[in-house]
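Letter by letter, the chains look like this.
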Amino acid sequence: MIRVGVAGAAGRMGQAVCEAVEGAEDMELTARIDPALGLALADALGDCDVVVDFTTPDTALENALSCLRAGVHVVIGTTGFDVDQLRGDFSANAFVAPNFAIGAVLMMRFAADASQYMAKAEIIELHHDRKLDAPSGTAARTAALMEGDVPIHSVRLPGLVAHQEVILGDVGQTLTIRHDSTDRTSFMPGVLLAVRRVAELPDSPVIGLEHLL
Ligand SMILES: NC(=O)c1ccc[n+]([C@@H]2O[C@H](COP(=O)([O-])OP(=O)(O)OC[C@H]3O[C@@H](n4cnc5c(N)ncnc54)[C@H](O)[C@@H]3O)[C@@H](O)[C@H]2O)c1
């Protein structure tokens, strides 16, 4: 059994992760870590083999470093912080994905491919209005994988979950690649896969779900 702690357990993503971990036969949910639930990370590390972090851009890095220093593997879904700061000489591993949905990983791959053949591209990312960071981690990662300079436009509205359109243009034509997460369960198979694999990563940090597929 993998003992899993969830940081941000009271949040939108954290609640979904707790439910997914509880439903996994090879995992045990050992800690719901969240100031809103009165449990601090430092008090839970001894009970965890892996911590999954879906918190906020300004807490994720410190949480992850606390895990790594304690020899606890960490799977990070929080976006909007500098992942380079996770480098270091630790016995535990970090895995980071700006998007855990398989459809979004495919969207990024197809967009990177298409950008080699079409003249220009722009990204429109659309999220719920409680999201703290803009542009989204997924949009930033997509642009980094694509050829050329790709502008990003961010939309924040109630009613949305997580959506992205990559529009490529060339003479007399456009190509649109679109992904929609209509429910947070879309991210859970990717999160569980990362929890199962993080201990055996050849390198750390590893960034992007595509490296586990
Ligand atoms: N990688 C992905 O696939 C993916 C998908 C969706 C959202 N996200 C990202 O996940 C993050 C969380 O999103 P959300 O919508 O669940 O946010 P949310 O605001 O609903 O939840 C965040 C939770 O973190 C808690 N928190 C704050 N500081 C903490 C700390 N130091 N330790 C533990 N918990 C702490 C808060 O109390 C809150 O309950 C965001 O950065 C978002 O962009 C990533």
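The rules behind each value
- Residues numbered from 1 in each chain as written.
- Predicted model: local features only at pLDDT ≥ 70, side-chain atom pairs only at ≥ 80, totals over all residues.
- Heavy atoms only, no water.
- Helix = DSSP H or I, 4+ residues; strand = E, 2+ residues; numbered from the N terminus.
- Rg over C-alpha atoms; globule rule 2.2 N^0.38 Å.
- Buried < 20%, exposed > 50% of the residue type's maximum accessible area, 1.4 Å probe, protein only.
- Contact = heavy atoms within 4.5 Å.
- Areas by Shrake-Rupley, 256 points an atom, 1.4 Å probe, with all protein chains shown as cover.
- Disulfide = S-S within 2.5 Å.
- Phe/Tyr/Trp six-rings, centres within 6.5 Å; stacked < 30°, edge-to-face > 60°.
- Pairing = 2+ DSSP bridges.
- Axes fitted to C-alpha atoms, helices over the stretch in contact; angles between N-to-C directions.
- Near = heavy atom within 4 Å.
- Polar contact = N/O pair within 3.5 Å; in protein donor to acceptor, adjacent residues only side chain to side chain.
- Nonpolar A, V, L, I, M, F, W, Y, C, P; charged D, E, K, R; others polar.

**Describing the overall build of the protein**
- Of regular secondary structure, the protein possesses six helices and 10 strands.
- By the compact-globule yardstick of 17 Å for 213 residues, the protein fits well, its C-alpha radius of gyration being 17 Å.
- Principal-axis analysis of the C-alpha atoms gives the protein an extent of 60 × 35 × 30 Å.
- Buried residues in the protein amount to 48% of all 213 residues.
- Contacts spanning at least 24 positions in sequence make up 65% of the contacts within the protein whose residues lie at least 6 apart.
- When the accessible area of the protein is evaluated, it comes to approximately 10300 Å², of which 50% is carbon and sulfur surface.

**What about the state of the cysteines?**
- Summed over the entire model, instances satisfying the criterion amount to zero disulfides.
- Cysteine 48 takes part in no disulfide bond, and the closest cysteine sulfur to it belongs to cysteine 67, at a distance of 7.6 Å.
- Judged by relative accessible area, cysteine 48 falls into the buried class, the value being 4%.

**Re the packing of aromatic side chains**
- Scanning the model with the defined rule gives two aromatic pairs in all.
- Ring plane angle 55 degrees and centroid distance 6.0 Å describe the contact between phenylalanine 54 and phenylalanine 100, whose orientation is recorded as tilted. Taken together, the positions of phenylalanine 54 in the loop between strand E3 (50–53) and helix H3 (60–69) and phenylalanine 100 in the loop between strand E5 (94–96) and helix H4 (102–114) put the pair 46 residues apart, joining distant regions of the chain.
- Judged by relative accessible area, which is 3%, phenylalanine 100 ranks as buried.
- Arranged with centres 6.1 Å apart and planes meeting at 55 degrees, the rings of phenylalanine 95 and phenylalanine 100 form a pair that is tilted.
- Among the aromatic side chains, those forming a connected cluster through ring pairs are Phe54, Phe95 and Phe100.

**Concerning the sheet that holds E3**
- Taken together, the six strands give an open sheet; going across it, the order is E2-E1-E3-E4-E5-E10, and neighbouring strands pair in parallel fashion. Only two strands of the sheet have a single neighbouring strand rather than two, namely strand E2 (27–33) and strand E10 (206–207).
- When E3 meets strand E4 (residues 73–76), the two strands line up parallel, connected through four bridges. Bridged to valine 50 within E4 is histidine 73.

**Section: the sheet that holds strand E8 (residues 162–170)**
- With mixed pairing, four strands are arranged side by side in an open sheet as E7-E6-E8-E9. This sheet does not close on itself; its edge strands, each paired only once, are strand E7 (152–156) and strand E9 (173–181). Pairs of neighbouring strands in the sheet enclose a mean axial angle of 15 degrees, with direction left out of account.
- Of the strands in this sheet, E8 and E9 touch H4, which is tilted by about 160 degrees from E9.

**Observations concerning the site of the ligand**
- Around the ligand lies a shell of 22 residues, among which Met13, Asp34, Thr79, Phe100 and Lys131 are the nearest.
- Take glycine 8: an N or O atom from its main chain is 3.3 Å from a nitrogen atom of the ligand.
- One of the backbone N or O atoms of phenylalanine 100 is found 2.9 Å from an oxygen atom in the ligand.
- Relative to its unbound accessible surface of 870 Å², the ligand loses 81% to contact with the protein.
- In terms of residue class, the shell around the ligand is built from nine nonpolar, nine polar and four charged.

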